[in-house]
Amino acid sequence: MKIEDIIESIKDDNIRITDHAYEEIHNDNLSFEEVFISVVNGEIIENYPDDSPYPSCLIYGKNFKNEPIHSVWAYNKKSKASVLITAYRPDPNKWIEWKRRKK
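Scoring rules and cut-offs
- Residues numbered from 1 in each chain as written.
- Predicted model: local features only at pLDDT ≥ 70, side-chain atom pairs only at ≥ 80, totals over all residues.
- Heavy atoms only, no water.
- Pairing = 2+ DSSP bridges.
- Helix = DSSP H or I, 4+ residues; strand = E, 2+ residues; numbered from the N terminus.
- Axes fitted to C-alpha atoms, helices over the stretch in contact; angles between N-to-C directions.
- Contact = heavy atoms within 4.5 Å.
- Left-handed = near helix turned anticlockwise from the far one by under 90°.
- Nonpolar A, V, L, I, M, F, W, Y, C, P; charged D, E, K, R; others polar.

**A few points about the sheet that holds strand β1 (residues 15-17)**
Paired through their backbone hydrogen bonds, the strands of a sheet run either parallel or antiparallel. The 5 strands are arranged β1-β5-β4-β3-β2 in an open sheet whose pairing can be described as mixed. The sheet terminates laterally at β1 and β2 (43-48), the two strands that pair on one side only. Adjacent strand axes in the sheet meet at a mean angle of 30 degrees when their direction is disregarded. Relative to strand β5 (residues 81-88), strand β4 (residues 68-76) runs antiparallel, the two being bridged by 7 bridges. Within the sheet, the bridge partner assigned to Ala-74 lies in β5 and is Val-83. Contacts from helix α2 (residues 19-27) reach β1 and β5 within the one sheet, and its direction differs from that of β5 by about 35 degrees.

**Brief notes about the packing of helix α1 (residues 3-11) against helix α3 (residues 32-40)**
Two numbers describe how α1 lies on α3: the axes approach to 9 Å, and their chain directions differ by 145 degrees. For the pair α1 and α3, the sense of crossing is left-handed. Touching Ile-3, Ile-6, Ile-7 and Ile-10 of α1 are Phe-36, Val-39 and Val-40, all from α3. The class makeup of the residues in the contact of α1 with α3 is 7 nonpolar, no polar and no charged.

**A few points about the environment of Asp-91**
Within the secondary structure, Asp-91 sits in the loop between β5 and β6 (95-96). C-alpha of Asp-91 to C-alpha of Pro-49: the two residues are 42 residues apart in sequence and 24 Å apart in space.

As structure tokens, this is what we get:
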């Protein structure tokens, strides 16, 4: 999976947002615009190629205020559509430089 595929689907408005993503974004006081910008300027930090029904990945990026945001996206190669599974403000106690999980 390439981040460019997800960015393209965001630009084309070819995305679906799960109920869980709506909930988490609201709970962390984020906007969808912040999440989308964090992807456009972000990087894939974990891949989940065996997820079903589509492979997914964890993306780290920053919002307009330079604050870290994580989002999990699935990508359907056939329809070129992305699914936003969740997005949240990462817990500094669980991440090293927002990119690696602490053990």
